[in-house]
Amino acid sequence: MAQIIDGRAIARQLDERTTAEVDAMLAAGHPAPGLAVVLVGEDGASQVYVRRKIKACEKVGIRSMEHRLPAGTPQADLCALIKRLNNDDSVHGILVQVPLPEQIDTRAVLRSISPDKDVDGFHPVNVGRLTTGVGGIVPCTPLGIMLLIESVLPDLKGKDAVVIGKSNIVGKPVANLLLDEEATVTVAHIYTENLSDICRKADVIVAAAGAPELVRGWWVKPGAVLIDVGITRKLGEDGKETLVGDIAFNEVQHAAAVTPVPGGVGPMTIACLLSNTVKAARNLLEGADDPGDDYADAPDRSMYAKGQPAEA
Ligand SMILES: Nc1nc(=O)c2c([nH]1)NC[C@@H]1CN(c3ccc(C(=O)N[C@@H](CCC(=O)O)C(=O)O)cc3)C=[N+]21
C-alpha cells in the first residue's frame, strides 16, 4: 500500500515553526509581520483560497490586510494600490491573487510588487534568484512540494524526476528546485509525446497539468513518489462537489507514497505563504545583507533531517 503523505500534518508542523518565529520577532520588539492580500473580481475559487489564507494568518500571528477590488478595476488603480503597499512599512508581504481579470496585464502587475515583499516569489528578480540558485523568496506551491517530497525521500541526488506542467507558478520553479537537489529532471506537459513512457521511469512524479486523473496506475513505477498538484472540481452523481487531482489516486497503490487531493499540496501552499511572509518581514526589519544569501535557512527544509520518518 502506498503511504499517503499527510499534507495537513506537515503544514501544521511548519505552522508551529512559523508561530515560534513570529513570537521571537515580537519578543525582540518588532511589530507583527503584515501580509496584504489583493483580490480583484469575484472568482469563486479565488475567494475560497483568499479566505483560507487570511484565516491561516490569524493562526500564526501574522497581521493580514485584505484588499478587494471590483472585477472592472483598471490596471492603473491596481498598480497605485501596490505602490502604496510597497511604501507601507507595516506591510511586509504582498500577494496579488491570480488569475487577474483580462483587462489587466498580469506580468506588469507582478513586476510592480517590490521583490522584497513578493511573498509569492513571482517577481522576475526572485525568478532569477531561483534559477541561478541564490535563493530569495521561493514560490509557495513549489516550496511546499519540495517539503512533501523530502518528507519521504530526503536525498534526491541522481533520482529521476518528472514534472508534468510548465507553468511559471509550479512547473518551472519546481523543476529548478529539483535540479538544485541534483535530481535528473524532465519537464513534460500535455503535448509531450510518450508521456506515459517518460513517467514509467520516474522515481518522483510531480503532476501539475490541471488535467484530472491524467497519470494512470500503469504509468507509475513501483516505489515511486507521487505529488499531485491538480485540483479539479467535479459534480458527483449525488450532486455533491468532489475534488479530483491529476493522478488516478485509486490506481497507484504500488507507489511508495502519494499526496491526496485535498489535504496534500494545497495546505502546504498556505503554510509556505506564511513562512515566506515571516521571512520577508525578518529581512525587511533586520536588514539582510543580501536577500540572496539566506537560501540555506529560508525554505525551512532542515525540518526533514535525513532518516527522520515523516508522520503519516
Ligand atoms: N498569487 C497567488 N498565489 C497563490 O499561491 C495562488 C494564487 N495566486 N492563485 C491560485 C493558486 C491556488 N492556490 C491554492 C491554495 C490553497 C489550496 C488549498 O488549500 N487546497 C485544499 C482544498 C481547497 C478546496 O476545497 O478547494 C486542499 O488541497 O486540501 C489550493 C490552492 C494558491 N494559489
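Residues numbered from 1 in each chain as written. Predicted model: local features only at pLDDT ≥ 70, side-chain atom pairs only at ≥ 80, totals over all residues.

- You'll find the chain entered in an unreviewed UniProt entry as Bifunctional protein FolD, with Aurantiacibacter arachoides given as the organism.
- The UniProt entry for the chain carries the following text under Function (unreviewed entry): "Catalyzes the oxidation of 5,10-methylenetetrahydrofolate to 5,10-methenyltetrahydrofolate and then the hydrolysis of 5,10-methenyltetrahydrofolate to 10-formyltetrahydrofolate." (UniProt positions renumbered as here; feature names shortened; annotations may be inferred.)

### Quick notes on the sheet that holds strand β3 (residues 63-69)
Here comes step 1: Spatial ordering of the open sheet is given by β3-β2-β4, a layout of three strands whose pairing is parallel. Each end of this open sheet is capped by a strand with a single partner; those strands are β3 and β4 (93-96). Ignoring strand direction, the axes of neighbouring strands in this sheet form an average angle of 15 degrees.
Here comes step 2: Sheet analysis places strand β2 (residues 34-40) next to β4, joined by four bridges and oriented parallel. Counterpart to Val-38 in the pairing with β4 is Val-96.
Here comes step 3: On top of the sheet, helix α3 (residues 75-86) reaches β2, β3 and β4; it is set at about 180 degrees to β2, its chief contact. (Pairing = 2+ DSSP bridges. Helix = DSSP H or I, 4+ residues; strand = E, 2+ residues; numbered from the N terminus. Axes fitted to C-alpha atoms, helices over the stretch in contact; angles between N-to-C directions. Contact = placed C-beta atoms within 7 Å.)

### Re the UniProt feature "domain: Tetrahydrofolate dehydrogenase/cyclohydrolase catalytic" (unreviewed entry) in the chain
Here comes step 1: Mapped onto this numbering, the UniProt entry gives "domain: Tetrahydrofolate dehydrogenase/cyclohydrolase catalytic" (unreviewed entry) at residues 5-120.
Here comes step 2: Helix makes up 49% of residues 5-120 and strand 16%, with an end-to-end C-alpha separation of 24 Å.

### Examining the site of the ligand
Here comes step 1: Neighbouring the ligand are 18 residues, the closest being Gln-97, Val-98, Pro-262, Gly-266 and Thr-269.
Here comes step 2: Taken together, the elements giving at least two residues each to the shell around the ligand come down to α2 (44-60), β4 and α9 (265-286).
Here comes step 3: It is α9 that provides the largest number of residues to the shell around the ligand, a total of four residues.
Here comes step 4: Looking at side-chain class alone, the shell around the ligand contains 12 nonpolar, four polar and two charged residues.
Here comes step 5: When residues of the shell around the ligand are assigned to domains, at least three fall in each of domain 1 (28-114) and domain 2 (140-266). (Near = placed C-beta within 6 Å. Nonpolar A, V, L, I, M, F, W, Y, C, P; charged D, E, K, R; others polar. Domains from an automatic or database assignment.)

### Quick word on unusual backbone geometry
Here comes step 1: With an omega dihedral of 0 degrees, the bond running from Val-98 to Pro-99 counts as a cis peptide bond.
Here comes step 2: Here Pro-99 shows up in the loop between β4 and α4 (106-112).
Here comes step 3: Cis geometry is adopted by the peptide bond preceding Pro-262, which originates at Val-261 and carries an omega value of -5 degrees.
Here comes step 4: Phi angles above zero are rare outside glycine, and Glu-182 is one such case at about 65 degrees.
Here comes step 5: Looking at where Glu-182 falls in the secondary structure, it is placed in the loop between α7 (171-180) and β6 (184-188).
Here comes step 6: Phi is positive for Glu-213, which is not a glycine, with a value near 55 degrees.
Here comes step 7: Within the fold, Glu-213 resides in the loop between β7 (204-207) and β8 (225-228).
Here comes step 8: A tally of 18 C-beta atoms within 10 Å means that Glu-213 is categorised as partly exposed. (Buried ≥ 20, exposed ≤ 12 C-beta atoms within 10 Å, placed from the backbone.)

### Remarks on the pairing of β7
Here comes step 1: Taking every second residue as pointing to the same face, both faces of β7 are buried, with Val-204 and Val-206 on one and Ile-205 and Ala-207 on the other.
Here comes step 2: Pairing of β7 with β8, which is carried by four bridges, proceeds in the parallel orientation. Looking at β8, one finds that Val-206 is bridged to Ile-227.

### A closer look at the environment of Ala-32
Here comes step 1: Structurally, Ala-32 is set in the loop between α1 (7-27) and β2.
Here comes step 2: Residue Ala-32 is classed as partly exposed on the basis of its 19 C-beta neighbours within 10 Å.
Here comes step 3: Between the C-alpha atom of Ala-32 and that of Ile-5, which follows or precedes it by 27 residues, the distance is 32 Å.

### What about the pairing of β3?
One face of the sheet, then the other: side chains in a regular strand alternate in exactly this way.
Here comes step 1: Pairing of β2 with β3 involves seven bridges; the strand directions are parallel. Within the sheet, the bridge partner assigned to Val-40 lies in β3 and is Leu-69.
Here comes step 2: After leaving β2, the chain enters α2 and then returns to the sheet as β3, a path that is right-handed. (Right-handed = clockwise from strand over helix to strand, strands pointing away.)

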